[in-house]
Amino acid sequence: MQIVLGVAGGIAAYKACALLRLFMAGGHDVRVVPTEAALKFVGEATWSALSGHTVSAQVWDDVHEVPHVRIGQQADLVVVAPSTADVLAKATHGLADDLLTNVLLTARCPVLLAPAMHTEMWTHPATVANVSTLRARGITVLDPAVGRLTGADSGPGRLPEPEDIHAAAMTLVNTLEPSAAGEPDMRGMRVVVTAGGTREPLDPVRFIGNRSSGKQGYALASVAAKRGAQVLLIAANTSLETPPGVTVARVETTLDLEDAVHAAAATSGCDAVVMAAAVADYRPAHVATSKMKKDPATDDGMSIELVRNPDILAALVQRRGGAATPMLIGFAAETGDEDGDVLTHARVKLARKGCDLLVANDVSKGATFGADESTIHILAAGSDAVRTVGPVSKQQTATAVWDSVLDRL
Ligand code: C5P
């Protein structure tokens, strides 16, 4: 693989030497493209000796080779570590005043940016907006690590460790490969995906619901169809466009979803059921047949009696048996707390649910409902291994989930 390692002008530039060595150890051809400011921290001789290539920060060297276009065009992966606030801003706005920013404009391969800067710069609205724009464009922008910064400061803004950037870069490339290549490696498979959030009516106009947008379930359905699977998407209260090649069944309540899922899972030849929907654990015990009225004279509040909904995934697990049983994949939004981190809680849930794979959505850093990107951890029953992917687009997390399903099948 031809990798471009961009290095911007931050004190963490020295850590990019270790990252370069990790890429080289993997047998990749790495071309280092520093900025002028980066060369104040680590010199051209170091990059050149380590990479085995000539090194320049600007577009005026070896002009006959048209480096400002060719380097980006020929790259299979571009990683910029550290990415300063300045490089993030230039990349967002398409500025191209040196070789690295030209590479970022001409590359059509996966791009991963590993920011490092002081906390004030990372949290400034300009940087926050730039990162959000870059991510929406499909560029992977890692979150910086939290810890000691230059001088006496500490907080979010540290460059993640070279091993972590290397792992994220390899995951990015591996995750993109199957869908990018359009490999029909799920041809002949029949899969069921649930998406969205159930609604539990109180009366003809009101319901208890949740914020699930359905984006993750739709991405799972879309990726599976692209990879050749026959896909039934059971969608609860979504307003997204049906992905090409996907059959949609629409449901509203948990009981509707339960019926649809059990019918689909019992169909012969169903290979996997992915429960990505956010399912209400409780529903109102009584549903009024006409709109509930308030009486301001007597009424200063009200109570709603709730009853438990069935756990659809748990029921699928209980009914399992025989060779034709579909693989069962659960989703769980998790946060760390005093009892343990996201992975600890996810492991407990995997054991409790008894499904084959559990995809834990890390929601510690704020709500991911409706977001286009997420970070997931894929845990498999009977294995200690965890596959962490993100923050990447939900298409990419969907690809990783199906890769794990195929691995296990
Ligand atoms: O226990 P928790 O609600 O976090 O579990 C989440 C997983 O279980 C999701 O895959 C969800 O679709 C599924 N679930 C279910 N039936 C319920 C509640 C959740 O199948 N009543």
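Residues numbered from 1 in each chain as written. Predicted model: local features only at pLDDT ≥ 70, side-chain atom pairs only at ≥ 80, totals over all residues. Heavy atoms only, no water.

**Q** Just give me the short version of the site of the ligand, but keep the residues and values in it.
**A** Inspection of the region around the ligand gives 14 residues, with Met275, Ala277, Leu313, Phe331 and Lys349 positioned closest. Between the ligand and Pro310, the relevant distance is 2.9 Å, taken from a nitrogen atom to a main-chain nitrogen or oxygen of the residue. At 2.4 Å from an oxygen atom of the ligand is found a side-chain nitrogen or oxygen belonging to Lys349. In the complex, 88% of the free accessible area of the ligand, which totals 460 Å², lies under the protein chains. (Near = heavy atom within 4 Å. Polar contact = N/O pair within 3.5 Å; in protein donor to acceptor, adjacent residues only side chain to side chain. Areas by Shrake-Rupley, 256 points an atom, 1.4 Å probe, with all protein chains shown as cover.)

**Q** Got a sec to walk through the nonpolar core? Specific residues and values, please.
**A** Residues Val191, Leu220, Val231, Ile329, Val401 and Trp402 are the most contacted members of the largest nonpolar core, which totals 35 residues. Per-element accounting of this core gives the leading share, 7 residues, to helix H10 (residues 215-226). Residue contacts for Val401: discarding those within four places in its chain leaves Leu220, Ile329, Phe331, Val359, Ile376 and Ile378. Grouped together as the second largest cluster of nonpolar side chains are 30 residues, Ala12, Val79, Leu159 and Met170 included. (Core = buried A, V, L, I, M, F, W, Y, C linked by side-chain atoms within 4.5 Å. Buried < 20%, exposed > 50% of the residue type's maximum accessible area, 1.4 Å probe, protein only. Helix = DSSP H or I, 4+ residues; strand = E, 2+ residues; numbered from the N terminus. Contact = heavy atoms within 4.5 Å.)

**Q** Any details on a nonpolar patch on the surface? Residues and values, ideally.
**A** Among the surface-exposed residues, Ile208, Tyr282, Met302, Ile304 and Leu306 lie close enough to one another that they form a single nonpolar patch of about 460 Å² accessible area. Along the chain, the position of Tyr282 falls in strand E14 (residues 282-284). (Patch = residues over 30% accessible without salt bridge, like charges linked within 9 Å, V, L, I, M, F, W, Y side chains within 5 Å. Salt bridge = Lys/Arg side-chain N within 4 Å of Asp/Glu carboxyl O.)

**Q** Could you give an account of the sheet that holds strand E4 (residues 111-115), with specific residues and numbers?
**A** Spatial strand order, E2-E1-E3-E4-E5: 5 strands in an open sheet with parallel pairing. Where the open sheet ends on each side, the last strands, each with one partner, are strand E2 (29-34) and strand E5 (140-141). Of the strand pairs in this sheet, strand E1 (residues 2-7) and strand E3 (residues 77-83) are connected by 4 bridges, and their pairing is parallel. The residue bridging Val4 from the neighbouring strand is Val78, located in E3. (Pairing = 2+ DSSP bridges.)

**Q** I'd like a rundown of helix H4 (residues 67-74), residues and numbers included.
**A** Burial in H4 covers these residues: Pro67, Val69, Ile71 and Gly72. Residues of H4 that are buried in the fold lie against E1, E2 and helix H6 (99-106).

**Q** Just give me the short version of the pairing of E4, but keep the residues and values in it.
**A** Burial of E4 is extensive: 5 of the 5 residues sit out of reach of the surface. Because side chains alternate across E4, one face comprises the buried residues Val111, Leu113 and Pro115, and the other comprises Leu112 and Ala114, equally buried. Where E3 meets E4, 4 bridges bridge the pair, whose relative direction is parallel. By the bridge assignment for E4, Val80 is matched with Leu113. Here E4 pairs with E5 via 2 bridges, running parallel. Of the residues in E5, the one forming a bridge with Leu113 is Val141.

**Q** So what about the pattern of salt bridges? Which residues, and what values?
**A** Here the structure, examined in full by the defined rule, presents 12 salt bridges. Among the ionic pairs, Arg158 bridges to Glu161, the shortest N-O distance being 3.4 Å. Classification of Glu161 as partly exposed rests on a relative accessible area of 34%. Across the salt bridge formed by Arg206 and Asp203, the nearest N and O atoms sit 2.5 Å from each other. A relative accessible area of 3% means that Asp203 is categorised as buried. Where salt bridges share partners, they join Asp185, Arg227, Arg387 and Asp403 into one cluster.

**Q** Any chance you could break down the side chain of Thr84 for me, citing the residues and the numbers?
**A** Mapping Thr84 onto the fold places it in the loop between E3 and helix H5 (85-93). If near-sequence neighbours (up to four positions away) are discounted, Thr84 is found in contact with Ala8, Gly9, Gly10, Ala116 and Met117.

**Q** Lay out the pairing of strand E13 (residues 270-275) in plain terms, naming residues and giving numbers.
**A** On a regular strand, each side chain points to the face opposite its neighbour's, so the side chains alternate between the two faces of the sheet. Among the 6 residues that make up E13, 5 are buried, leaving the element largely enclosed by the rest of the structure. Two elements, strand E8 (residues 190-196) and E13, share 5 bridges in a ladder whose sense is parallel. In the sheet register, Arg190 faces E13, and the bridge partner there is Cys270. Relative to strand E16 (residues 327-334), E13 runs parallel, the two being bridged by 4 bridges. Pairing of Ala272 across the sheet is with Met327, part of E16.

**Q** Let's hear about a negative patch on the surface: which residues, and what values?
**A** On the surface, a cluster of negative charge is made up of Glu44, Asp61, Asp62 and Glu65. Considering the arrangement of structural elements, one finds Glu44 in helix H3 (residues 44-51). Taking the relative accessible area as the measure of exposure, Glu44 reaches 44% and is therefore partly exposed. (Lys, Arg positive; Asp, Glu negative; His and termini not counted. Charge placed at Lys NZ, Arg CZ, Asp CG, Glu CD.)

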